[in-house]
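# Results of the structural survey
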Amino acid sequence: MASISSRRLSKELMEIKNDGCPVGINLVNADDFSTWLFTIEVMGDSLYQNEQFTLQFRFDQQYPISSPAVQFVVTEGRQAPVHPHVYSNGHICASILGNEWSPVLSVIAVCVTLQSMLASCKEKHRPIDNDRYVKHAPENPKKTRFHYDGEFTV
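Now for a description of the structure that goes with this document. (Residues numbered from 1 in each chain as written. Predicted model: local features only at pLDDT ≥ 70, side-chain atom pairs only at ≥ 80, totals over all residues. Heavy atoms only, no water.)

So, on to the side chain of His83. Following the sequence through the fold, His83 ends up in the loop between β4 (69-72) and α2 (107-119). In this structure His83 comes out as buried when scored by relative accessible area, which is 3%. Within the local environment of His83, its side chain forms a polar contact with the backbone oxygen of Met117, the two atoms lying 3.3 Å apart. With sequence-adjacent residues up to four places away left out, His83 is seen in contact with Tyr48, Met117, Leu118, Cys121, His125, Arg126 and Pro127. (Helix = DSSP H or I, 4+ residues; strand = E, 2+ residues; numbered from the N terminus. Buried < 20%, exposed > 50% of the residue type's maximum accessible area, 1.4 Å probe, protein only. Polar contact = N/O pair within 3.5 Å; in protein donor to acceptor, adjacent residues only side chain to side chain. Contact = heavy atoms within 4.5 Å.)

The end-to-end C-alpha distance of α2, which contains 13 residues, comes to 18 Å, matching closely the 18 Å that a straight helix rising 1.5 Å per residue would cover. Here the buried face of α2 lies against α1 (4-19), β1 (25-29), β2 (35-40), β3 (53-58) and β4. (Expected span 1.5 Å × (residues − 1).)

Bringing the packing of aromatic side chains into the picture now. Counting across every chain of the model gives 9 aromatic pairs. Judged by centre distance (6.0 Å) and plane angle (75 degrees), the ring pair of Phe53 and Phe72 falls under edge-to-face. Taken together, the positions of Phe53 in strand β3 and Phe72 in strand β4 put the pair 19 residues apart, joining distant regions of the chain. On the accessibility criterion, Phe53 (3% relative accessible area) is buried. A centroid spacing of 4.2 Å and a plane angle of 35 degrees characterise the contact between Tyr87 and Tyr133, whose relative ring orientation is tilted. Here Tyr87, found in the loop between β4 and α2, pairs with Tyr133, found in helix α3 (residues 130-136); they are 46 residues apart in sequence, far enough to count as distant. Relative accessible area serves as the criterion here: at 1%, Tyr87 is assigned to the buried category. Grouped by ring-pair contacts, the aromatic residues Trp36, Phe38, Phe57, Phe59, Tyr63 and Trp101 constitute a single cluster. (Phe/Tyr/Trp six-rings, centres within 6.5 Å; stacked < 30°, edge-to-face > 60°.)

This is how it looks when you write it as structure tokens:
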């Protein structure tokens, strides 16, 4: 019997393959139900014009009851966007990835929300506590209890 997680991810992947992704979002890899990669770029006039970023989604067996671990990929040649809610290690401080997660949200809905977050940015800068956070951050961003006023707790 397939798990709830694999059934839900199968459904989401089928919708992506049948309907495609929204403009500026592209599925790069979904070979299994543990990790998916997407590219994301902000369309139109924004601070991130002509920049492309890679998002990694990691799913546990409790998805969609529990949120996926979502972060920007930071490797050679790839970097996280410079944004007030994005740490230089790729971790994202966004309430929908934490205490405001809802099982009705889909992977595409998260991508669109993050795309919108970038599009609405008025000034490129890292979170005030970037260096301290990155120095002590867990590998999995879900292990951070973000306080959505700019502070965090590891």
